[in-house]
Amino acid sequence: MKNLTPRLIFITLAVFAAAITRFLPHPPNFTAIGGMALFAGAFIPNRILSLIVPISVMVITDAIIGFHNTVWAVYLSIVLITMLGWLMQERKTTTRFIGTSTLASLLFFFITNAAMWVVGFFSSEAFYPKNFGGLVDAIAMGIPFYSYNFLISQFVYGGILFGLFYTVKVWKPALLKVKK
């Protein structure tokens, strides 16, 4: 494989290592999933591959943990967070990291809570009314579960992944050099 560079191998291994956090005891929504999606989007130059890597991680770990009826919303969130990482490909700054991480957290919150309404909308046992008010209720009911865990984990794990990349880049620049 011509494109299988040490840089891509390092990034892919970092993403898979981050996935291990799904198996460790943790508060709700406090894993490296959002951070690894943003990291993959920011550092894997091939956009299709940058989407495949985090989604593959999710499918593999969900096959072990178990799938649920709103997994599609989680995957959609991961795709969008990875795409936010694309905004950082040319210029990775602290300000962009903070902005994209905050937006990633909000996207995940709104999409996954709206998914509870969507699932009920197409079910005979709806959790919420099948109207716009029900959607608002679903999002509002998710607020206690938000508890900033995803936002904090986004900063913590995203910071670790981005920091690890730059640490290796300083210590072993040849390893992470972009091949042209």
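Above this text you will find the structure in question.
Fair warning: this is a prediction, and the values are worked out from it, not measured in the lab.

Visitor: I'd like a rundown of the nonpolar core, residues and numbers included.
Guide: Formed by 38 residues in total, the largest nonpolar core has its most connected members in M36, F39 and F162. Of all the secondary structure elements, the ones that give two or more residues to this core are α1 (6–19), α2 (33–43), α3 (47–65), α4 (71–86), α5 (94–121) and α7 (149–171). Broken down by element, the residue count for this core peaks at eight residues, all from α2. Setting aside residues up to four positions removed in sequence, F162 forms contacts with L38, F39, A42, F43, M88 and F97. Core analysis: the second largest hydrophobic core is formed by eight residues, W117, A138, I139 and L151 among them.

Visitor: Mind laying out the layout of surface pockets, listing which residues take part and the relevant values?
Guide: In this structure, the largest pocket encloses a volume near 550 Å³. In this structure, the largest pocket is lined by 23 residues; those nearest its centre are N29, H68, V74, F108 and T112. For the lining of the largest pocket, the elements supplying multiple residues, two or more each, are α3, α5 and α6 (132–146). Tallying contributions element by element places α5 first for the lining of the largest pocket, with five residues.

Visitor: Could you give me a rundown of the packing of α4 against α5, with the residues and numbers involved?
Guide: At a minimum axis separation of 9 Å, α4 and α5 run at an interaxial angle of 160°. Considering the angle they form, α4 stands roughly antiparallel to α5. In the crossing of α4 with α5, the sense of the turn from one axis to the other is right-handed. Between α4, through W72, A73, V74, L76, S77, L80, I81 and L84, and α5, the contact on the second element is made entirely by T100, L103, A104, L107, F108, I111, T112, A115, V118 and V119. For the contact of α4 with α5, the class distribution of residues is 15 nonpolar, three polar and no charged.

About the thresholds
- Residues numbered from 1 in each chain as written.
- Predicted model: local features only at pLDDT ≥ 70, side-chain atom pairs only at ≥ 80, totals over all residues.
- Heavy atoms only, no water.
- Core = buried A, V, L, I, M, F, W, Y, C linked by side-chain atoms within 4.5 Å.
- Buried < 20%, exposed > 50% of the residue type's maximum accessible area, 1.4 Å probe, protein only.
- Helix = DSSP H or I, 4+ residues; strand = E, 2+ residues; numbered from the N terminus.
- Contact = heavy atoms within 4.5 Å.
- 1 Å grid on protein atoms, 1.4 Å probe; cavity = no way out; pocket = protein on both sides within 12 Å on 5 of 7 lines; lining within 4 Å.
- Points joined across faces, edges and corners; volume = space filled by probe spheres on them.
- Axes fitted to C-alpha atoms, helices over the stretch in contact; angles between N-to-C directions.
- Parallel < 35°, antiparallel > 145°, perpendicular 65-115°, else oblique.
- Left-handed = near helix turned anticlockwise from the far one by under 90°.
- Nonpolar A, V, L, I, M, F, W, Y, C, P; charged D, E, K, R; others polar.

By themselves, these are just geometric observations and shouldn't be taken as functional.
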